[in-house]
Amino acid sequence: MLSFPCPMPLEVTRRIAVSVSSLLFLSITFDEQSSWKLWSGSVFDWAVVKHSSVPDLSFSGNESKPSVESRAAAKFHRVAVSMRSKSLKPALCQISKLLVCVFMIREGNSPDHHLSITYKQLLRSVSRCANALKLLGVKKGDRVAIYLPMIPELIYSMLACARIGAVHSVVFAGFSSESLCERITDAQCNILVTADGVYRGDKLINLKKIASEALERCRESQVHCVQKCVVVRHHAFITNHTSNKLQGVVHTVSGYMLYTSLTFKHVFDYHHEDVYWCTADIGWITGHSYITYGPLSTGATSVLFEGVPVYPHEGRLWQIIEKYGVSKFYTAPTAVRLLMKYGTEPVQRYNLSSLRVLGSVGEPINPEAWHWFYDVVGQRRCPVIDTFWQTETGGHVLTPLPAATPLKPGSATFPFFGVQPAILNEHGEELEGEAEGYLVFRKPWPGIMRTVFGNKERFESTYFRKFPGFYMTGDGCRRDKDGYYWITGRIDDMLNVSGHLLSSAEVEAALSEHSAVAEAAVVSRPHALKGECLYCFITLKEHTEFTRALVDELKRKVREKIGPIATPDFIQNAPGLPKTRSGKIMRRVLRQIARNEKDLGDLSTLADPKVVEVLFSQRCQAAA
């Protein structure tokens, strides 16, 4: 596998080398307590509340009672909320600079709708929002549900909760009334903040109607009822973890703030002259960490985008980068693959010379998408920072650093400072050198989750019971001979064919290497002899025809790339894949389509439910 060195200009401006990164990592690895304390003091001024001593950094406890404890984490948890970022001092030390320092450039659904907001305006709006919530009776420890689109009022509401000491639960403004009701009752929210409606592309979403239906469901359930609802007029911290059952992941104020601030600054090499843009929705953890808390704690200028990537045209993202001079661009592989379908012409229409760093988040980026992102968008001069992290980790745990890490397409490379990964086999034995197995972490860091809201038993059983003394990510991982880490997919996405475990991500990457394939998703299907076989869904690039010859080529490519055992039994044409509005593929739905199971359960999180009907209508006849 070829590695890609970072361009020299970045290396000069950053003044970081691999040796320096290694020294910093080693300093935290061998002296976590003093290193986190040193870093926290360099980033924030703390008003420390008296606290008792706690154990050293470790995942401690026996099999039934594991806990996440650290001197640093406990100390962070016990500080007063009144803290200020030292990183803001250079930019905001004078009133004149405070007046003009832009915190957010809001780009609406229409290219004609845009607005710049300064940090002074942000403070005023957050204070007003906090006072309004306090008048409604919100106090420290209360839960506030926020069901808003990607508008500044969403950030105001989050920071207002933090200012009061209330806990916010941001619900993606695309969930159904049933899903919203479930999240309100799960977090036992007293207040709901929503908007009247929002346009996504040319589609109007009536948020107030959805919210009213959700509140009616809450009343009918008699489990929990919201006391008041605030509606934001919009003219056209608990965060939810995606799993089989909803769970509220709880993060603390100070440890989470420190970790998002540090990872944002170092992973994106952020400087005060940069313009940063993360295309995620704040309803998901990426938006919490790398639109709201990380950038704001660093004094960053960010773009907040309300629209969709291909409205009103397929070059919208590139237009925004040129319009605002975006230098740090963070998006999902799904978005990259979507835009790849339109070729290079929409990209070349715009001047992207302002770009310095490209970032990928949400899933392992397949090599073909990586190369297109690097070659076409970054013009072979911008490193692609392929980040691995989870809702539970709070921030990046495996990631390259610009100008410090030679890149390998598809690899999350190495751990962030202070993070200690390991690979275990099924028996919990640690594997050294080149290896593949379960990805776990040995010790905690400030940003890690503290519990599942209202369900400590689930927290313990999900993350610590299988491998006592380790945090289990639920992901499979491979480490190559150079020590690079490669995420192979969720353990529950592993495919067991004739007793051989195959990674869905590995098969998908092989299919996506074909020049006709824009995107691929692979699931398992019961097989009389093999136990399971591979059922593949492929989305073709424009002007490409799905033929028997293409199917044979794809099977041959997988066989050559991985081996005969990985040869797909079924390959289905998929004009679209079932995805959430954040772009995550719903593999549960694909598995049910592959097995011809019509009872699909709740599909309210799908961006386009009609895709499911199309996929059922085009199922492989031999799979009937």
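Residues numbered from 1 in each chain as written. Predicted model: local features only at pLDDT ≥ 70, side-chain atom pairs only at ≥ 80, totals over all residues. Heavy atoms only, no water.

Per an unreviewed UniProt entry, the protein carries the name acetate--CoA ligase and comes from Danionella cerebrum.

## As for helix α21 (residues 610-617)
Buried residues of α21: V611, V612, L615 and F616, and no others. Down the axis, α21 shows its buried residues gathered within 135° of arc, on one side only. Facing away from the buried side of α21 by over 90 degrees, the exposed positions are K610, E613 and S617. Where the residues of α21 are buried, they touch β28 (531-540), β29 (570-573) and α20 (587-594). (Buried < 20%, exposed > 50% of the residue type's maximum accessible area, 1.4 Å probe, protein only. Helix = DSSP H or I, 4+ residues; strand = E, 2+ residues; numbered from the N terminus. Arc of directions from axis to C-beta. Contact = heavy atoms within 4.5 Å.)

## A look at the environment of W445
Its place among the elements puts W445 in the loop between β21 (435-441) and β22 (451-452). Residue class for W445 comes out buried when judged on its relative accessible area of 1%. For the pair W445 and G418, spaced 27 residues apart in sequence, the C-alpha separation works out to 7.1 Å. Look past the residues within four positions of W445 in its chain and what remains in contact with it is W36, Y259, T393, V397 and R450.

## With respect to the packing of helix α14 (residues 333-340) against helix α16 (residues 367-377)
Where α14 meets α16, the axes come as close as 10 Å, and the angle between the chain directions of the two elements is 75°. Accordingly, the angle class assigned to the pair α14 and α16 is roughly perpendicular. Between α14 and α16, the residues in contact are V336, R337, L339 and M340 and E368, A369, W372 and F373, respectively. A class-by-class count of the residues in the contact of α14 with α16 yields 6 nonpolar, no polar and 2 charged. (Axes fitted to C-alpha atoms, helices over the stretch in contact; angles between N-to-C directions. Parallel < 35°, antiparallel > 145°, perpendicular 65-115°, else oblique. Nonpolar A, V, L, I, M, F, W, Y, C, P; charged D, E, K, R; others polar.)

## Overview of empty space enclosed by the protein
Approximately 50 Å³ is the volume attributed to the largest cavity. Every residue lining the largest cavity is listed: P149, M150, F172, A173, V198, R200, D281 and E306. A per-class count over the lining of the largest cavity returns 5 nonpolar, no polar and 3 charged. Here the second largest cavity is characterised by a volume of approximately 30 Å³. Around the second largest cavity, the lining residues are L317, W318, F329, T331, A335, V336, L339, W372 and F373. Of the residues forming the lining of the second largest cavity, the biggest block, 3 residues, is contributed by α14. Looking at the lining of the second largest cavity residue by residue, the classes come out as 8 nonpolar, 1 polar and no charged. (1 Å grid on protein atoms, 1.4 Å probe; cavity = no way out; pocket = protein on both sides within 12 Å on 5 of 7 lines; lining within 4 Å. Points joined across faces, edges and corners; volume = space filled by probe spheres on them.)

## Overview of the sheet that holds strand β18 (residues 357-360)
What the 7 strands build is an open sheet, ordered β6-β5-β16-β15-β17-β18-β19; its pairing is mixed. Strands with a single pairing partner mark the edges of an open sheet, and in this sheet they are β6 (114-118) and β19 (384-386). The mean inter-strand angle of the sheet, taken between neighbouring strand axes irrespective of direction, is 20°. Here strand β15 (residues 275-278) runs beside strand β17 (residues 328-331); their pairing, made up of 3 bridges, is parallel. Within the sheet, the bridge partner assigned to C278 lies in β17 and is Y330. (Pairing = 2+ DSSP bridges.)

## A short note on the nonpolar core
Counting 106 residues, the largest nonpolar core has L122, L133, I155, I184 and L192 as the members making the most contacts within it. In terms of residue count, the dominant contributor to this core is helix α8 (residues 152-164) (8 residues). In terms of domain composition, this core takes at least three residues from each of domain 1 (12-43 + 47-80 + 251-489) and domain 2 (94-246). Within the second largest apolar cluster, 31 residues are counted, among which are V326, F329, V336 and W372. (Core = buried A, V, L, I, M, F, W, Y, C linked by side-chain atoms within 4.5 Å. Domains from an automatic or database assignment.)

## Brief notes about the sheet that holds β21
Pairing in this open sheet of 4 strands is antiparallel, and the strands run β20-β21-β23-β24 from one edge to the other. Whereas interior strands pair on both sides, the edge strands pair on one side only; in this sheet they are β20 (421-424) and β24 (485-490). Adjacent strand axes in the sheet meet at a mean angle of 45° when their direction is disregarded. Examined bridge by bridge, β20 and β21 share 4 bridges and lie antiparallel to one another. Counted as the bridge partner of A422 is V440 from β21.

## Remarks on the environment of G283
Within the secondary structure, G283 sits in the loop between β15 and α12 (285-297). According to the relative accessible area criterion, G283 is buried, its value standing at 5%. C-alpha of G283 to C-alpha of S582: the two residues are 299 residues apart in sequence and 8.8 Å apart in space.

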